[in-house]
Amino acid sequence: MTDRYQQFASSTVGSLMVRRLGLPDPVPLRRYEPGQPLLTGPALLGGAPGGRLSDAVAEVLGKADAEVVTDAAGDTRFGALVFDATGITSPEQLVRLHEFFNPVLRRVRSSGRVLVLGTPPEKITAAAEKIAQRALEGFTRSLGKEMRRGATVQLVYVEKGAEASMESTLRFLLSARSAYVSGQVVRISAAGEALAPEDWTRPLAGKVAVVTGASRGIGASIATVLARDGATVVCLDVPAAGDRLSTVANRVGGSTLQLDVTADDAADRLIEFTGGRYGGLDILVHNAGITRDRKLANMDRGRWDSVLAVNLASQLRINETLLSRKGLNSGGRIIGVSSMAGIAGNAGQTNYGTSKAGVIGMVQALAPRMARRGGTVNAVAPGFIETDMTAAMPLFLREAGRRMNAMTQGGLPVDVAETIAWYANPASVGVNGNVVRVCGQSLLGA
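Quick summary incoming for the structure in this document. Just so it is clear, the model here is predicted, and its values are computed rather than measured.

Right, let's talk about the overall build of the protein chain for a bit. Per the secondary structure count, the protein chain includes 14 helices and 13 strands. Dimensions of the protein chain, computed from C-alpha atoms along their principal axes, come out at roughly 65 × 50 × 45 Å. Restricting the contact set of the protein chain to residue pairs at least 6 apart, pairs at least 24 apart contribute 76%. Here the protein chain has roughly 18600 Å² of accessible surface; of this, 52% comes from carbon and sulfur atoms. Side-chain charges of the protein chain comprise 49 positive and 40 negative groups, with the mean position of each set lying 5 Å from the other.

Listed below in structure tokens is the structure:
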């Protein structure tokens, strides 16, 4: 749906009024297009003394043909600011953040990127260092809400030994693929060997992916992006959505599987289909979901049961069958779609919020098991995304959803899809157990 306020704010008259009245200024975001450079300008790379990641970051940026500078002198406008904070071992040393960022923040380009790299606090034994590294989260989340013109801020905790596993995450967070992701904390573990794809524009070549709820909206966009990145996509949805499902599958060059994910034999049929036609399954995206909204005092049992069955119970049952029957290939990816409702809650959505918080619990519970298999499980938590569902919301609620984030606009289905494609990348083996919000850094929730 068209954001008419954004169109007005981008006009000559509207831009003037926005500046004079201090109104929200939702600038158009830079989103990924094949062939575009990683950054719109050079990356300024700095760090605290004793840091361990700067060299690895410079190597990744070099491979991606990005210009790297370490001197902020002059008036250069930067496409990214990257700071290695792993050398900060006490609260007193946190001043290094101010020393690096304060002089150059106004020189970040539109849709620029700010990235802070640290060590996971839970992996640190020294109290002072643990405290200092945990403090980075407050810094990045706050700075993200200060940035303007579509710039984003992220914190990436890199476990010792995972230095060689950063590339897929750096490429995602620094690129236009992460347009609507900001204020997030990502953890990279040292589990497994990250193998770079032969072609970073098609990192999923040779992989088979299943996307549930693929007939429209976010699901259709996920199927499109995974296919763009080289995957063979099985588009799955209920039989009633068969015509729309076929349209999506034809567009992405994939196949269809008409299936109710709540059926007792859903997992068995999924395994038989992917095994028989493709020899196995590499990526499973649990996107199918429904809403049956009512305040709890007015909610009948059927509304509660149906939402929990589709949004959570079906995923757990399918995952368990896939893993016990080895229906997911070695190094496989399981990706759930949670929601900001599962983090911050929504009035009238106790059933939906419960199910989406359960998806986060699924990720946390399953991550160690997936790591032992050389695979990963992660989730995205979308905020306000422009879909048919949000278009049907009352005007006031729709506008509030659009403006109540650091980017003062709604996201697009492709923003969710790009995040899922990053999780699915074979080089993202160290990204396991993460829940990343695709919400423009919502002003609500953690």
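Additional details are given in the paragraphs that follow.
A few words now on the sheet that holds strand β9 (residues 255-258). Overall, parallel pairing links the seven strands, which are arranged β9-β8-β7-β10-β11-β12-β13 in an open sheet. In this open sheet, the two edge strands, each paired with only one partner strand, are β9 and β13 (435-438). When the angles between neighbouring strand axes are averaged without regard to direction, this sheet yields 20 degrees. Where strand β8 (residues 232-237) meets β9, four bridges bridge the pair, whose relative direction is parallel. The partner of Cys235 across the bridge, within β9, is Thr256. Packed onto the sheet, helix α14 (residues 413-424) meets β10 (283-286), β11 (333-337), β12 (376-382) and β13 and runs at close to 170 degrees relative to β12.

Along the chain, Val359 turns up in helix α11 (residues 350-372). In this structure the C-alpha to C-alpha distance between Val359 and Leu308, which are 51 residues apart in sequence, comes to 11 Å. Val359 has contacts with Asn311, Leu312, Gln315, Gly336, Val337, Ser338 and Ala379, leaving out every residue within four places of it along the chain.

Inspection of every chain in the model, using the stated rule, returns 17 salt bridges. Here Glu59 and Lys63 are joined by a salt bridge, their closest N and O atoms 3.8 Å apart. You can see Glu59 and its partner Lys63 sitting in helix α3 (residues 54-63), four residues apart, about one turn around the helix. Measuring nitrogen to oxygen at the nearest pair gives 3.0 Å for the salt bridge that ties Asp229 to Arg228. Judged by relative accessible area, Arg228 falls into the partly exposed class, the value being 25%. Bridged by salt links that share partners, the residues Glu59, Lys63, Glu167 and Arg171 form one connected network.

Here we take up the packing of aromatic side chains. The final tally for this structure, using the stated rule, is seven aromatic pairs. Geometrically, the ring pair formed by Phe83 and Phe100 is tilted, given 5.1 Å between the ring centres and 40 degrees between the ring planes. Of this pair, Phe83 sits in strand β3 (residues 78-84) while Phe100 is found in helix α4 (residues 95-101), placing the two residues 17 residues apart along the sequence. Pair check on accessibility: Phe83 and Phe100 agree, each one buried. Ring centres 5.6 Å apart and planes at 40 degrees place the aromatic pair Phe101 and Phe139 in the tilted group.

This part is about the side chain of Gln441. Locating Gln441 in the fold gives a position in the segment after β13. According to the relative accessible area criterion, Gln441 is buried, its value standing at 2%. Within the structure, the side chain of Gln441 is placed 3.4 Å from the backbone nitrogen of Lys145, a separation counted as a polar contact.

What counts, and at which threshold
- Residues numbered from 1 in each chain as written.
- Predicted model: local features only at pLDDT ≥ 70, side-chain atom pairs only at ≥ 80, totals over all residues.
- Heavy atoms only, no water.
- Helix = DSSP H or I, 4+ residues; strand = E, 2+ residues; numbered from the N terminus.
- Contact = heavy atoms within 4.5 Å.
- Areas by Shrake-Rupley, 256 points an atom, 1.4 Å probe, with all protein chains shown as cover.
- Lys, Arg positive; Asp, Glu negative; His and termini not counted.
- Charge placed at Lys NZ, Arg CZ, Asp CG, Glu CD.
- Pairing = 2+ DSSP bridges.
- Axes fitted to C-alpha atoms, helices over the stretch in contact; angles between N-to-C directions.
- Salt bridge = Lys/Arg side-chain N within 4 Å of Asp/Glu carboxyl O.
- Buried < 20%, exposed > 50% of the residue type's maximum accessible area, 1.4 Å probe, protein only.
- Phe/Tyr/Trp six-rings, centres within 6.5 Å; stacked < 30°, edge-to-face > 60°.
- Polar contact = N/O pair within 3.5 Å; in protein donor to acceptor, adjacent residues only side chain to side chain.

Just distances and angles here, no functional claims.
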